[in-house]
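Single-letter residue listing:
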Protein chains: 2
Amino acid sequence: MAVYTQVSDEALSSFLAEYDLGEALAFKGIAEGVENSNYYLETRKGRYILTLFEKRVNAADLPYFIGLKQHLSAQGFPCPQPVMGRDGEALRTLEGRPAVIVTFLEGLSPKRPNARQCRSLGEGLARMHLALGGFDGRRENALGPASWRRMWEGCAGNADALQPGLSNEVDACFVRINAARAFSDHLPRGTIHADLFPDNAFFLGDTFTGAIDFYFACTDALAYDLAVCLNSWAFEEGNATDASRLEYNFSKGSALIAGYQSVRPLEAAELEALPALCLGSAMRFFLTRLADWTSTPAGALVRPKNPLEYAARLAFHRKMETAEGYGA
Amino acid sequence: MAVYTQVSDEALSSFLAEYDLGEALAFKGIAEGVENSNYYLETRKGRYILTLFEKRVNAADLPYFIGLKQHLSAQGFPCPQPVMGRDGEALRTLEGRPAVIVTFLEGLSPKRPNARQCRSLGEGLARMHLALGGFDGRRENALGPASWRRMWEGCAGNADALQPGLSNEVDACFVRINAARAFSDHLPRGTIHADLFPDNAFFLGDTFTGAIDFYFACTDALAYDLAVCLNSWAFEEGNATDASRLEYNFSKGSALIAGYQSVRPLEAAELEALPALCLGSAMRFFLTRLADWTSTPAGALVRPKNPLEYAARLAFHRKMETAEGYGA
């Protein structure tokens, strides 16, 4: 849940005057996204989401994110469509922060996705990759492999306190990652979402209806996006309550991969790289969570997510040799 | 901001199956109310708010609150209207908590109400009192004068740490309150909102469009409700940044009272009691905030409000002798 920035009546009114949307009929802070402040906005013209970008988003990247959503919308892929002001600009300033209004997307984020939803998500992910084929924006993955070693050095000292032996486990994962060709340039690349967790995907029933929150999108290996999804959609709590005891649900994982392949079949090199990509993307989320866990003050508005949920995934992927192990 | 209880996909789906609303098309936690969890809910039939009642609300009071809103809606007063399930019941259970669906109310809560809004709010408050004239529900004000002394004894020891001399100031206010006839039964009584802060009132432009969050409603002096509003609508920060340096905005206060009187003229006894009622309602919010301030753990999801904002109002009201001083 995230409403960091309050919007005054006057500021909202002046902001909306720059659009052809009419006045606000409703304006409510909503619990969507973790990085930014989001409001449900309603006018006579329809329903919208107003986002204020907080400090974690680099303002220089915003035109890329907005262009990406405009491209996807133009291609008919369901995502929030940036609304232009009267001056033709989608990005402007509100309460001293970059801000954008996007269209409201119907659908619900599944709390505990089922296998049919995983299949539909896989199809949607592949459709998104194809729809982004013609997008000419480029953005480096700021949280890609080059950043992991640096992040790890910044917080490795805290790992063993979280779970004894964790530091050695992470080092062993780095050995595996460094040996893999998955993070070279030989895999098919393109624009990826890079954070398509269940929170960021909408469904009606079991059918994927769209993706939101593109603020980690970047240019990277397409199969890395699939690996992010396998990590965030196909693991679930086993009988234990301990966060480190997560289990890979093979039915969900194989449904996700099959859904993806039904739209965009994976190349042999992508299948071969899948275990290392899963390990790498688990590393990325483990490290950012570990950094947040360590640095978040006790009274913070948003509670940090437990890095051990990703330590469990690291341990799983490190032992996995082939894509078949994931259900491919 | 308040989403304490997460709702699983299955629980939401079974819950909605008990209504004639169709399936959810959107479901988002919203930052509305402090005591309960609130979700924006959309179906083919329309837009709604789904509320789960958290522990601070007494479940035995819920039929009263729901009956009150049904009565107000039937009288044409704008407020969220409880939606009945197929069995004719509005109140049922979701995720182990009492839960209700109400209609969505258009309008925005003013962050910093202006005098025109204060006038319109006063009119709306009086209309609400008249509309509730025929409501036969009864509920004691659990946070009325009888509770204040007990609350104060529970946390008086913390007052001087907040502001030196505060403890003596509060004791002096109690002397004044105990001497006043305002809290006897001689004033016109009825059903009051008892918490109609700007957060709980909606406007389009300067026009009051409805009230929400009736979970402190009770049977009490009507003029006490006006006093609650004077405290929450007519004070504003002066030039100082210190919370204790709030100022009474005479224009806003007199507009609020005039708006009220244009619909329901105050009796002489109510005008005479107004300073003591203002002092008493400031005491009620000071004491609950002081208790929350003292008991809220550092990492809590909702930050407690500063009790000193109400200590400043206490100091103001204690010196006020007549309703004219408020602009009546």
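Just so we're clear, the structure is a prediction, and the values are computed from it rather than from any experiment.

In this section: the overall build of chain A. Scanning chain A for helices and strands turns up 10 helices and 11 strands. Its C-alpha radius of gyration of 20 Å places chain A within 12% of the 20 Å reference for a compact globule of 328 residues. If one aligns the C-alpha atoms of chain A with their principal axes, the spans along those axes are about 55 × 45 × 35 Å. In chain A, 73% of the contacts between residues at least 6 apart in sequence involve partners at least 24 apart. Side-chain charges in chain A split into 32 positive and 39 negative, and the spacing between the mean points of these groups amounts to 2 Å.

Here the focus is the domain arrangement of chain A. Residue and element names in this part refer to chain A. For chain A, the assigned domains are domain 1 (9–103) and domain 2 (115–326). If you average the C-alpha positions of domain 1 and of domain 2, the two centres end up 28 Å apart. Tallying the contact residues gives 21 residues for domain 1 and 27 residues for domain 2. Around 2000 Å² of area is buried between domain 1 and domain 2 when both sides are counted, 70% of it from carbon and sulfur atoms.

Below, the discussion takes up the side chain of T43 of chain A. All names here are of chain A. Position of T43 relative to the elements: it lies in strand β2 (residues 37–43). By relative accessible area, T43 is classed as buried at 4%. There is a polar contact of 2.7 Å between the side chain of T43 and the backbone oxygen of L21. Setting aside residues no more than four positions away along its own chain, T43 makes contact with L21, G22, E23, A24, L25 and Y48.

Before going further, it helps to examine the interface of chain A and chain B. The interface is formed by 37 residues belonging to chain A together with 37 residues belonging to chain B. Of the roughly 2900 Å² buried where chain A meets chain B, counting both sides, 53% is carbon and sulfur surface. Across the chain A-chain B interface, the total number found is 4 salt bridges. We note a salt bridge from R47 of chain A to E42 of chain B, for which the minimum N-O separation is 2.3 Å. At the junction of chain A and chain B, the tally comes to 11 residue pairs in polar contact (both at pLDDT 80 or more). Sorting the residues of the side of chain A that touches chain B by element identifies α1 (9–16), β1 (26–30), β2, β3 (46–52) and β7 (201–204) of chain A as the ones contributing at least two each. The residue inventory of the side of chain A that touches chain B, partitioned by class, reads 21 nonpolar, 6 polar and 10 charged.

We now examine the relation of the copies chain A and chain B. Relating one copy of the chain to the other takes a rotation about an axis and a shift parallel to that axis. For the pair chain A and chain B, the superposition axis carries a translation of 0.0 Å, the fit reaches an RMSD of 0.0 Å, and the rotation angle comes to 180 degrees. As the rotation angle and translation indicate, the two copies are arranged about a two-fold axis. The residues that chain A uses at the interface reappear at the interface of chain B in 100% of cases, marking a shared surface.

Of all the residues in helix α10 (residues 308–318) of chain B, the buried ones are L308, Y310, A311, A312, R313, L314 and H317 of chain B. In this structure, the buried residues of α10 of chain B make contact with α5 (159–162), α6 (166–179), α7 (222–233), β10 (235–237), β11 (246–248) and α9 (268–295) of chain B.

Right, let's talk about unusual backbone geometry for a bit. A positive phi is found at D213 of chain A, a non-glycine position, where the angle reads about 60 degrees. Mapped onto the elements, D213 of chain A comes out in the loop between β8 (207–211) and β9 (218–221).

Moving on to the packing of helix α6 (residues 166–179) of chain A against helix α10 (residues 308–318) of chain A. Residues and elements named next belong to chain A. For the pair α6 and α10, the least separation of the axes is 10 Å and the interaxial angle reads 50 degrees. As far as their axial angle goes, α10 and α6 are oblique. Here α6 runs over α10; the crossing is left-handed. Within the contact between the two elements, α6 uses L166, E169, V170, A172, C173 and R176 and α10 uses L308, A311, L314, A315, H317 and R318.

The next thing to look at is the nonpolar core. As a rule of thumb, nonpolar side chains are buried together in soluble globular proteins. In this structure, M283 and F286 of chain A together with M283 and F286 of chain B are the most contacted members of the largest nonpolar core, which totals 182 residues. Aside from chain neighbours lying at most four places away, what touches M283 of chain A is W148, V170, C173, F174, I177 and L314 of chain A.

Our focus in this paragraph is the packing of aromatic side chains. With the rule as written, the count across this model stands at 43 aromatic pairs over all chains. Centroid distance F15 of chain A to Y19 of chain A: 5.4 Å. Interplanar angle 55 degrees. Geometry classified as tilted. Classification of F15 of chain A by relative accessible area gives buried; the value is 2%. Ring geometry for W152 of chain B and F286 of chain B: centres 6.4 Å apart, planes at 50 degrees, overall tilted.

Our next topic: the state of the cysteines. Two cysteines, two sulfur atoms, one covalent bond between them: this is a disulfide. All names here are of chain B. All told, the structure shown has 0 disulfides over all chains when counted by the stated rule. For C118, which is in no disulfide, the shortest distance to another cysteine sulfur is to C229 and amounts to 9.3 Å. Residue classification places C118 among the buried residues on the basis of a relative accessible area of 0%. A disulfide-free cysteine, C218 has its sulfur positioned 13 Å from the sulfur of C229, the nearest such atom. For C218, a relative accessible area of 0% corresponds to the buried category.

Our next topic: helix α2 (residues 62–74) of chain A. Residue and element names in this part refer to chain A. Here α2 contains 13 residues, and its C-alpha end-to-end distance of 18 Å stays within 8% of the 18 Å for a straight helix at 1.5 Å per residue. Counting buried positions over the 13 residues of α2 gives 10, a clear majority of the element. For α2, the set of buried residues is L62, Y64, F65, I66, G67, L68, K69, H71, L72 and S73. Buried residues belonging to α2 abut β5 (97–103), α3 (115–131), β6 (189–192) and β9.

This part is about the environment of A182 of chain B. Mapped onto the elements of the fold, A182 of chain B is located in the loop between α6 and β6 (189–192). Setting aside chain neighbours within four positions, we find A182 of chain B in contact with L187, A273, A276 and L277 of chain B.

Our next topic: the packing of helix α4 (residues 145–155) of chain B against α9 of chain B. To describe two helices that pack against each other, one gives the angle between their axes and the distance between the axes. Residue and element names in this part refer to chain B. Two numbers describe how α4 lies on α9: the axes approach to 10 Å, and their chain directions differ by 35 degrees. Regarding α4 and α9, the two cross each other, and that crossing is left-handed. Residues W148, M151, W152 and C155 of α4 pack against G280, M283, R284, F286, L287, T288, L290, A291 and T294 of α9. Taken together, the residues of the contact of α4 with α9 break down into 9 nonpolar, 3 polar and 1 charged.

Let us look at the environment of N231 of chain A. All names here are of chain A. Following the sequence through the fold, N231 ends up in helix α7 (residues 222–233). Along the primary structure N231 and L314 are separated by 83 residues, whereas in three dimensions their C-alpha atoms are 9.7 Å apart. In contact with N231, other than residues within four places in its own chain, are C278, S281, A282, Y310, R313 and H317.

A separate point is the pairing of β1 of chain A. All names here are of chain A. With respect to burial, β1 is a largely interior element, 5 of its 5 residues being buried. Of the two faces of β1, the one holding A26, K28 and I30 and the one holding F27 and G29 are both buried throughout. The pairing of β1 with β2 spans 5 bridges and is antiparallel. Pairing of F27 across the sheet is with L41, part of β2.

As a further point, take the pattern of salt bridges. All names here are of chain B. Tallied over the entire structure, the rule returns 31 salt bridges over all chains. R318 is paired through a salt bridge with E169; the nearest N and O atoms lie 3.1 Å apart. Of this pair, R318 sits in helix α10 while E169 sits in helix α6, and the two are 149 residues apart along the sequence. Overall, R318 belongs to the partly exposed group, its relative accessible area being 31%. Of the residues examined, E169 reaches a relative accessible area of 18% and is grouped as buried. A salt bridge links D220 to R189; the shortest N-O distance between them is 3.8 Å. Of the two residues, D220 sits in strand β9 (residues 218–221) while R189 sits in strand β6, which places them 31 residues apart along the sequence. Here R189 falls in the partly exposed class, since its relative accessible area comes to 42%.

The rules behind each value
- Residues numbered from 1 in each chain as written.
- Chains lettered and ligands numbered in written order.
- Predicted model: local features only at pLDDT ≥ 70, side-chain atom pairs only at ≥ 80, totals over all residues.
- Heavy atoms only, no water.
- Helix = DSSP H or I, 4+ residues; strand = E, 2+ residues; numbered from the N terminus.
- Rg over C-alpha atoms; globule rule 2.2 N^0.38 Å.
- Contact = heavy atoms within 4.5 Å.
- Lys, Arg positive; Asp, Glu negative; His and termini not counted.
- Charge placed at Lys NZ, Arg CZ, Asp CG, Glu CD.
- Domains from an automatic or database assignment.
- Buried area = accessible area lost by both parts, 1.4 Å probe.
- Buried < 20%, exposed > 50% of the residue type's maximum accessible area, 1.4 Å probe, protein only.
- Polar contact = N/O pair within 3.5 Å; in protein donor to acceptor, adjacent residues only side chain to side chain.
- Salt bridge = Lys/Arg side-chain N within 4 Å of Asp/Glu carboxyl O.
- Nonpolar A, V, L, I, M, F, W, Y, C, P; charged D, E, K, R; others polar.
- Least-squares fit on C-alpha atoms with pLDDT ≥ 70 in both.
- Axes fitted to C-alpha atoms, helices over the stretch in contact; angles between N-to-C directions.
- Parallel < 35°, antiparallel > 145°, perpendicular 65-115°, else oblique.
- Left-handed = near helix turned anticlockwise from the far one by under 90°.
- Core = buried A, V, L, I, M, F, W, Y, C linked by side-chain atoms within 4.5 Å.
- Phe/Tyr/Trp six-rings, centres within 6.5 Å; stacked < 30°, edge-to-face > 60°.
- Disulfide = S-S within 2.5 Å.
- Expected span 1.5 Å × (residues − 1).
- Pairing = 2+ DSSP bridges.

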